[in-house]
Amino acid sequence: MPSPTQRVLARVPDRLRPVLVRHRRLVKFLLVGSGCFVLTTVVDFELKLTVLQHKPVVALTVATVIGTVVSYVLNRRWAFRAAGRQREALMFVLVSAVAIVVNDVPLAVSRYLLDLREPYVDPVGQEVADFLSGMVVGTVVAMVFRYWAMRRWVFAPSARTAAVQPVPAPATVPPEPGYAAPEMPRDVP
């Protein structure tokens, strides 16, 4: 029985499949991130429309923290497949704290520096500005920072592991188990 990843890869066009397999860690990171983006957006709007109606930066911070916790679990177990080290959790918290601030800065600038809020703009304009600055710009900048920082510090192989295992040339790297989709006819579901 093929894994879910193999089934998805079997449906990808042949030209694109090697690129996805070669950059599978980035693809997984982006899938986790997009799911957490949806979660963060839903929580942010729920908080802004209820208990944190007049505190949009706090609502975004709380939503981002929730999305970050989910992201940690999924990235650790699936995207980066880390074995778990004590240092990893501490580094993840530090990187995430910086990323949350990076995510909040565009919203704070939009709201309080550019005055894109009521009574200076209409309620719809305020919500559009909040979404674009906090959820789009902030998330994109924080995502780029997180990916770089997680590969560099959080889920990086330990120095001892990297020293013991030489890195093979890119042409000789075998795919990880479960990622090379066998050739299957297109009409098989």
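Residues numbered from 1 in each chain as written. Predicted model: local features only at pLDDT ≥ 70, side-chain atom pairs only at ≥ 80, totals over all residues. Heavy atoms only, no water.

**Concerning the packing of aromatic side chains**
Here is step 1: One pass over the full model with this rule turns up five aromatic pairs.
Here is step 2: Ring geometry for Phe145 against Trp148: centres 6.3 Å apart, planes inclined by 45 degrees, an arrangement best described as tilted. Highlighted residues: Phe145 and Trp148, both in helix 6 (residues 123-154), separated by three residues, approximately one helical turn.
Here is step 3: Judged by relative accessible area, Trp148 falls into the partly exposed class, the value being 45%. (Phe/Tyr/Trp six-rings, centres within 6.5 Å; stacked < 30°, edge-to-face > 60°. Helix = DSSP H or I, 4+ residues; strand = E, 2+ residues; numbered from the N terminus. Buried < 20%, exposed > 50% of the residue type's maximum accessible area, 1.4 Å probe, protein only.)

**A word on the pattern of salt bridges**
Here is step 1: Taken as a whole, this structure holds five salt bridges when the rule is applied.
Here is step 2: Ionic pairing is found between Asp14 and Arg17, a salt bridge with its closest N-O pair at 3.1 Å.
Here is step 3: Classification of Asp14 as partly exposed rests on a relative accessible area of 48%.
Here is step 4: The salt bridge partner of Asp130 is Lys48, with a shortest N-O separation of 3.0 Å. With Asp130 in helix 6 and Lys48 in helix 3 (residues 24-49), this residue pair connects regions lying 82 residues apart in the sequence. As far as burial versus exposure is concerned, Asp130 and Lys48 are alike and both buried.
Here is step 5: Three or more residues joined by partner-sharing salt bridges are found here, namely Lys48, Arg111, Glu127 and Asp130. (Salt bridge = Lys/Arg side-chain N within 4 Å of Asp/Glu carboxyl O.)

**Overview of the nonpolar core**
Most often, soluble globular proteins keep nonpolar side chains buried together rather than apart.
Here is step 1: Residues Phe29, Tyr72, Ala79, Phe80, Met91, Phe92, Val95, Tyr147, Ala149, Met150, Val154 and Phe155 constitute the largest nonpolar core, which totals 12 residues.
Here is step 2: Those elements giving two or more residues to this core turn out to be helix 4 (56-79), helix 5 (86-113) and helix 6.
Here is step 3: The biggest single contributor to this core is helix 6, with four residues.
Here is step 4: Leave out the neighbours within four places in its chain, and Met91 touches Trp153 and Val154.
Here is step 5: Core analysis: the next-biggest nonpolar cluster, separate from the first, contains five residues, Val43, Leu47, Leu52 and Ala59 among them. (Core = buried A, V, L, I, M, F, W, Y, C linked by side-chain atoms within 4.5 Å. Contact = heavy atoms within 4.5 Å.)

**Overview of the side chain of Arg111**
Here is step 1: Mapping Arg111 onto the fold places it in helix 5.
Here is step 2: Setting aside its immediate chain neighbours within four residues, Arg111 contacts Pro56, Leu116, Arg117, Gln126, Glu127 and Asp130.

**What to know about unusual backbone geometry**
Here is step 1: Here the bond from Glu118 into Pro119 is cis, since omega is 5 degrees, no more than 30 degrees from zero.
Here is step 2: Its location among the elements puts Pro119 in the loop between helix 5 and helix 6.
Here is step 3: Although it is not a glycine, Asp115 adopts a positive phi angle of roughly 55 degrees.
Here is step 4: In this fold, Asp115 is placed in the loop between helix 5 and helix 6.

**Topic: helix 1 (residues 4-11)**
Here is step 1: Those residues of helix 1 not exposed but buried are Gln6, Leu9 and Ala10. Each buried residue of helix 1 sits inside an arc of 105 degrees when the element is viewed along its axis, so together they form one side. The exposed residues of helix 1 that point more than 90 degrees off its buried face are Pro4, Val8 and Arg11. (Arc of directions from axis to C-beta.)

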